[in-house]
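# Overview (structure and organization)
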Amino acid sequence: MTTLTRKEILSRLKDLAGPGGYLEDRVDVEPFEVDFRKLYKGATPLVLRPDSTERISKIMKFCFETGTAVVPAGGNTGYCGGATPDESGEQIVLSLARLNKIRSVDPMNYTLTADAGCTLVQVQEAAEQVQRLFPLSLGAEGSCHLGGNLSTNAGGTAVLRYGNTRDLVLGIEAVLPDGRIVENLKGLRKDNTGYDWKNLFIGAEGTLGIITGAVLKLFPTPRSYGTAMVALRDLDASVELLSMLRERSGDAVTTFELIPRLAMELACRHIDGVKDPLDQPYDWYALMELSCATDEVQTQELLETLLGEAFESEVIQDAALANSGAQREAMWRMRENIPEAQSHEGPSIKHDVSVQVSRMPAFIREATTLVKKLVPGCRVVSYGHLGDGNVHFNLSPSEGDRDPIFLEQAKRVNHAVHELIAQYGGSISAEHGIGRLKRDELAVYKSEAEIQLMRAIKAALDPTGIMNPGKVL
Ligand SMILES: Cc1cc2nc3c(=O)[nH]c(=O)nc-3n(C[C@H](O)[C@H](O)[C@H](O)COP(=O)(O)OP(=O)(O)OC[C@H]3O[C@@H](n4cnc5c(N)ncnc54)[C@H](O)[C@@H]3O)c2cc1C
């Protein structure tokens with residue numbers, strides 16, 4: 001243990017972070033003390049903003065020697081409080097914001113190497129500049145960081161076609177809790193030389209080390225998109241339509257998002273410029289998108305043919321096809337703004353759950369009946385990435401109800417929904433992670449052997465427990 005005083009430790013950390021490398025004024029530090037959803041309010045004396053991997057290495061070595069706890073922070077858009085320090089006032093926040101360079105792009109190798117503090121949009125744009133696609137896409141892409149995406153193994157809207165963040169990473173550079181730098185940025189698609197250690201850090205939510213850079217997979221940019229908002233016959237039709245589209249399009253379905261009527265109504269009510277693209281209301285919709293290497297006319301024809309067949313076989317009742325970039329954007333705007341629209345209806349009780357795609361309709365029905373019994377009058381908005389077997393199963397209070405008692409029922413409702421998801425063989429956290437929010441539930445829904453394995457990994461990499469304490473485990 002260190003003999004240095006707290007003041008001496010902070011002073012040394014500031015030196016190690018270098019000029020412009022830290023924030024300590026209350027007004028600058030405060031945004032780092034609150035998570036995006038304002039569920040947690042912590043305290044920190046210092047936010048470090050180093051501008052190189054080497055500086056981070058020196059900082060971590062010093063933190064290791066002095067037993068100083070470190071909370072890595074990306075864009076602070078995470079939903080589980082993972083980037084927020086605890087209330088003790090002892091934890092240091094380490095922001096990656098100044099480590100924000102695109103290191104290299106190799107269009108022939110279909111790879112891009114970037115610092116962890118790049119925003120997701122920055123990465124997408126760097127790929128676009130060489131006519132390549134980095135397919136990770138999510139509502140927070142303008143502010144979330146690549147390091148945050150990796151650390152939460154973010155999902156987003158194109159998982160169906162391209163996989164989660166984990167599937168898009170060929171290698172990473174990371175700083176271990178004791179300051180050592182581990183790096184595999186060779187950009188190889190095949191490399192079976194021992195344990196694939198990068199996967200320990202991906203999805204670890206900053207509990208095993210600090211990701212400082214990554215080599216990402218790029219893809220050919222689609223030449224055309226076919227986008228449609230379809231009115232489904234019923235909930236079961238969602239799975240039937242998805243399956244048929246995948247089979248008949250040569251697996252060109254990039255996105256398949258489920259949208260209930262209430263979500264459509266709320267988006268039209270609260271989001272400027274959002275309009276229902278169909279003439280009459282339906283119970284369930286899907287926003288679906290094909291992305292193809294063929295030209296626009298061919299893609300549009302394919303989409304029309306497939307949706308025509310779906311209409312004939314009564315899988316869908318109606319469809320609006322996007323005939324221009326503006327119409328495509330309008331459909332996406334509607335989908336992306338569902339969380340925002342729902343927030344105008346009072347607080348919501350949220351779940352980010354997954355089951356096998358084929359079991360999703362049954363789960364949604366059963367869960368809806370369950371929560372309506374628990375919270376009479378509540379309104380269920382279950383929307384999202386049906387193509388990945390992942391919905392955001394969220395409850396709003398009854399119309400006009402602003403009674404704070406609604407949120408007091410969250411724990412009970414979460415527990416009941418998670419019990420049900422366990423019966424369905426699903427996951428209590430499909431894409432948002434564990435952080436602090438679901439830490440205690442993780443222990444309930446993972447087997448003892450799995451928890452022991454996770455603890456063993458944590459102990460091996462972070463023996464003194466300085467990396468993001470209190471999160472995940
Ligand atoms: C509007 C909106 C839409 C969203 N949509 C989606 C979605 O579709 N799919 C989805 O999966 N998520 C979604 N999210 C959640 C969030 O954007 C993602 O989890 C994102 O990947 C978090 O990135 P961040 O940089 O903001 O991370 P932060 O919130 O800053 O951090 C998240 C976790 O990662 C750790 N961390 C951050 N950077 C590093 C690093 N360099 N090294 C080690 N640990 C690190 C933090 O300690 C924390 O535990 C959405 C959020 C918002 C606000």
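That block above? That's the structure.
Note that the structure is a prediction, hence the values are computed from the model and not measured.

## Some remarks on the pattern of salt bridges
Within the structure shown, the criterion is met by 28 salt bridges. Here Arg98 makes a salt bridge to Asp51, at a shortest N to O gap of 3.7 Å. Within this pair, whereas Arg98 is found in the loop between strand S4 (92-95) and strand S5 (102-106), its partner Asp51 is found in the loop between strand S2 (47-48) and helix H3 (53-66), the two being separated by 47 residues in sequence. The class for Arg98 is partly exposed, based on a relative accessible area of 23%. Its salt-bridge partner being Glu309, residue Arg248 comes within 2.4 Å of it at the nearest N-O pair. With a gap of 61 residues between them, Arg248 in helix H8 (residues 235-248) and Glu309 in helix H10 (residues 296-312) connect regions that are remote in the sequence. Judged by relative accessible area, which is 40%, Arg248 ranks as partly exposed. Through salt bridges with shared partners, a single ionic network connects Arg269, Glu345, Arg379 and Glu399.

## Notes on the packing of H8 against helix H13 (residues 360-374)
Their axes nearest at 8 Å, the elements H8 and H13 cross at an angle of 160°. For the element pair H8 / H13, the angle class is roughly antiparallel. For the pair H8 and H13, the sense of crossing is right-handed. On the side of H8, the interface is formed by Leu235, Asp236, Ser238 and Val239, while H13 contributes Pro361, Ile364 and Arg365. Grouping the constituent residues of the contact of H8 with H13 by class yields four nonpolar, one polar and two charged.

## Regarding the sheet that holds strand S15 (residues 316-321)
Taking strand neighbours across the sheet as the criterion, the four strands line up as S13-S14-S12-S15 in an open arrangement whose pairing is antiparallel. Edge positions in the sheet fall to strand S13 (253-260) and S15, since each has one partner strand and no second. Going from strand to strand, the sheet's axes swing by 20° on average, the running direction of each strand aside. Direction of pairing for S13 relative to strand S14 (residues 284-292): antiparallel, over a ladder of seven bridges. If you follow Pro260 over to S14, its bridge partner there is Trp284. Sitting on the sheet, helix H11 (residues 325-336) touches strand S12 (224-232), S13, S14 and S15, and the angle it makes with S12 is about 50°.

## Regarding the site of the ligand
What surrounds the ligand is a group of 35 residues, the closest being Pro72, Gly74, Gly75, Thr77 and His145. A distance of 3.2 Å separates an oxygen atom of the ligand from a polar backbone atom of Gly82. In the environment of the ligand, an oxygen atom lies 2.9 Å from a nitrogen or oxygen atom belonging to the side chain of Asn149. Isolated, the ligand exposes 980 Å² of accessible area, and the fraction of that covered by the protein chains is 93%. Mapped onto the shell around the ligand, the elements with two or more residues apiece are strand S3 (70-73), helix H5 (146-152) and strand S10 (210-217). A per-class count over the shell around the ligand returns 13 nonpolar, 20 polar and two charged.

## A look at a negative patch on the surface
Together, Asp295, Glu296, Glu301 and Glu304 make up a region of like negative charge exposed at the surface. Residue Glu304 is classed as partly exposed on the basis of its relative accessible area of 46%.

## Focus: the packing of aromatic side chains
When we look at a pair of aromatic rings, we describe it by the centre distance and by the angle of the planes. A full pass over the atoms with the stated rule returns six aromatic pairs. Aromatic side chains Phe36 and Tyr79 sit 6.0 Å apart centroid to centroid with 55° between the ring planes, which places their arrangement in the tilted category. Residue Phe36 is found in the loop between helix H2 (26-29) and S2, and its partner Tyr79 is found in the loop between S3 and S4; the two are separated by 43 residues along the sequence. When its relative accessible area of 47% is taken as the criterion, Phe36 is described as partly exposed. Judged by its relative accessible area of 28%, Tyr79 is partly exposed. Aromatic side chains Tyr162 and Phe219 sit 4.8 Å apart centroid to centroid with 65° between the ring planes, which places their arrangement in the edge-to-face category. Of this pair, Tyr162 sits in helix H6 (residues 159-162) while Phe219 sits in strand S11 (residues 219-220), and the two are 57 residues apart along the sequence.

What counts and what doesn't
- For every chain, the first residue of the written sequence is number 1, and numbering continues from 1 onward in sequence order.
- Local features in a predicted model are, by the rule used here, given only for residues with pLDDT of at least 70; side-chain atom pairs are given and counted only at 80 or more, and totals for whole chains, interfaces and linings are based on all residues.
- Each side-chain value is derived from all of the structure's non-hydrogen atoms; neither hydrogens nor water enter the calculation.
- Criterion for a salt bridge: a side-chain nitrogen of Lys or Arg within 4 Å of a carboxyl oxygen of Asp or Glu.
- Strands are runs of DSSP state E lasting at least two residues, helices are runs of H or I lasting at least four, and both sets are numbered from the N terminus onward.
- Think of it in three bands: residues with accessible area under 20% of the maximum for their type are buried, residues over 50% are exposed, and the middle band is partly exposed, with areas taken using a 1.4 Å probe on protein chains only.
- Axis lines are fitted to C-alpha atoms, over the contacting stretch for helices. Their N-to-C directions set the angle, which ranges from 0 to 180 degrees.
- By the definition adopted for this analysis, an angle is roughly parallel if under 35 degrees, roughly antiparallel if over 145, roughly perpendicular if from 65 to 115, and oblique otherwise.
- Left-handed is the label given to a crossing in which the near helix is rotated counterclockwise from the far helix by less than a right angle, and right-handed is the label when the rotation is clockwise.
- Contacts are assigned to residue pairs that have any heavy atoms within 4.5 Å of one another.
- When residues are grouped by polarity, Ala, Val, Leu, Ile, Met, Phe, Trp, Tyr, Cys and Pro land in nonpolar, Asp, Glu, Lys and Arg in charged, and all others, Gly among them, in polar.
- For two strands to count as paired, DSSP must find a minimum of two bridges between them.
- Residues are classed as near a molecule or strand on a simple rule: at least one heavy atom within 4 Å of it.
- Two N or O atoms form a polar contact when they lie within 3.5 Å of each other; inside protein one atom must be a possible hydrogen donor and the other a possible acceptor, and for residues adjacent in sequence the pair counts only when both atoms belong to side chains.
- Using a 1.4 Å probe, accessible areas were evaluated by the Shrake-Rupley method; residue-level cover was limited to the displayed protein chains.
- Like charges are joined within 9 Å and nonpolar side chains (Val, Leu, Ile, Met, Phe, Trp, Tyr) within 5 Å, but only among residues with over 30% relative accessible area and no salt bridge; these make up the patches.
- His residues and chain termini do not enter the charge count, which takes Lys and Arg as positive and Asp and Glu as negative.
- One atom stands in for each charge, and that atom is NZ of Lys, CZ of Arg, CG of Asp or CD of Glu.
- Side-chain rings of Phe, Tyr and Trp (the six-membered ring for Trp) are treated as a pair once their centres are within 6.5 Å; stacked means planes under 30 degrees apart, edge-to-face means over 60, and tilted covers the remaining angles.

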